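Commentary on secondary and tertiary structure
Residues per chain are reported as follows:
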Amino acid sequence: MRKKAAAGAPEAAAAAARKRGRPPGRKSAMPRFHIELLTKERLDCAFALTTEVFAASSTLHAALGVDLHLYQTSLRPTFEAMVQEGLSLAATDAKGQMLGALIATDLHATLRDPAQSGPYPQISALTQTLTQTYRAQRAFGPGEVLHVDMAAVHPDARGLGIYRALRQHLEDRLHKTHWDYVVGELSSVVTQKVVLEEIGHRIAAEIAFERFEWNGTRPFASITSPPSIILAEGAL
């Protein structure tokens, strides 16, 4: 496990600014959103938000024509278990309305007890292939690599920087803890730009959509933007 450097005053101030929903160094009379831990009391709201956004907007889910009800029914147990780990985040406005959510889990736990493939095994096969590639280059144990499993922003709140703030706030929370790395699949142009270019994570694994095969088919060949799904890694 790597040793963590203590955060100085500038880093602490920047983290506080990100938590209040504005870029560090800028003054704002009214924060646009607030980021906090996602608790079980808000689980239902976060579940509805993330599943509805994924079913409607995810490149992978759109390619398969995912049925929202079927998707929600199959995902619910796994979603609840991840939230119970106490690592997930919610972004809310001044009235407490949920604007975004980030669901995180211990990557090693998913290896010991992998989720059922459910009604859409193509997605599970794709993400498992990415994880296998990552495991081949980095050995890790429990509590070392945190996995961002899902992150979603309400359609009406897009453009406010919520996704980036959720990702950055997660890393701010993980500094000076036992976590060494944070990883996550990036399947959209926006998330790849934010995580790779703005936050500075590296590409740990990548699969071209047009080349991925599952049971003799290429289920994601229709996706052209972006051309590939990426597993990105950031050191903490």
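Since the model is a prediction, treat every value here as computed from it, not as a measurement. (Residues numbered from 1 in each chain as written. Predicted model: local features only at pLDDT ≥ 70, side-chain atom pairs only at ≥ 80, totals over all residues. Heavy atoms only, no water.)

1. Describing the side chain of R167
If you trace the backbone, R167 turns up in helix α7 (residues 162-174). Despite being buried, R167 has no salt bridge partner; E171 is the closest side chain of opposite charge, sitting 5.0 Å away. (Helix = DSSP H or I, 4+ residues; strand = E, 2+ residues; numbered from the N terminus. Buried < 20%, exposed > 50% of the residue type's maximum accessible area, 1.4 Å probe, protein only. Lys, Arg positive; Asp, Glu negative; His and termini not counted. Salt bridge = Lys/Arg side-chain N within 4 Å of Asp/Glu carboxyl O.)

2. Things to note about the packing of helix α2 (residues 43-57) against helix α4 (residues 68-84)
Relative orientation of the contacting elements α2 and α4 amounts to 135°, with a least axis distance of 10 Å. With respect to α4, the axis of α2 lies oblique. Where α2 crosses over α4, the two elements pack in a sense that is right-handed. Each of L43, D44, A46, F47, T50, T51, E52, F54 and A55 in α2 lies in contact with α4, whose residues at this interface are L68, Y71, Q72, L75, R76, F79, E80 and V83. Among the residues forming the contact of α2 with α4, the class breakdown is 10 nonpolar, 3 polar and 4 charged. (Axes fitted to C-alpha atoms, helices over the stretch in contact; angles between N-to-C directions. Parallel < 35°, antiparallel > 145°, perpendicular 65-115°, else oblique. Left-handed = near helix turned anticlockwise from the far one by under 90°. Contact = heavy atoms within 4.5 Å. Nonpolar A, V, L, I, M, F, W, Y, C, P; charged D, E, K, R; others polar.)

3. Observations regarding the pattern of salt bridges
Oppositely charged side chains can pair when the atoms bearing their charge come close. Under the defined criterion, the tally for this structure stands at 8 salt bridges. The closest approach of N and O atoms between R76 and E80, which form a salt bridge, is 2.6 Å. Taken together, the positions of R76 and E80, both in helix α4 and 4 residues apart, correspond to about one turn of that helix. Of the charged contacts in the structure, one is a salt bridge between K193 and E198, with a shortest N-O distance of 3.1 Å. Residue K193 is classed as partly exposed on the basis of its relative accessible area, which comes to 40%. With a relative accessible area of 35%, E198 lands in the partly exposed category. Connected through salt bridges with shared partners, the residues D44, R76 and E80 form a single ionic network.

4. Some points on the nonpolar core
Among soluble globular proteins, nonpolar side chains are generally buried collectively. Ranked by internal contacts, the top residues of the largest apolar core, which has 41 residues, are L60, Y71, F79, L126, Y134 and F220. For this core, the secondary-structure elements that each account for two or more residues are α2, α4, β3 (98-106), α6 (121-137), β4 (145-153), β5 (181-186), β6 (202-208) and β7 (228-235). In terms of residue count, α2 provides more of this core than any other element does, 7 residues in total. When neighbours within four sequence positions are excluded, Y71 is seen to be in contact with T51, F54, A55, H61, V66, Y120 and M150. (Core = buried A, V, L, I, M, F, W, Y, C linked by side-chain atoms within 4.5 Å.)

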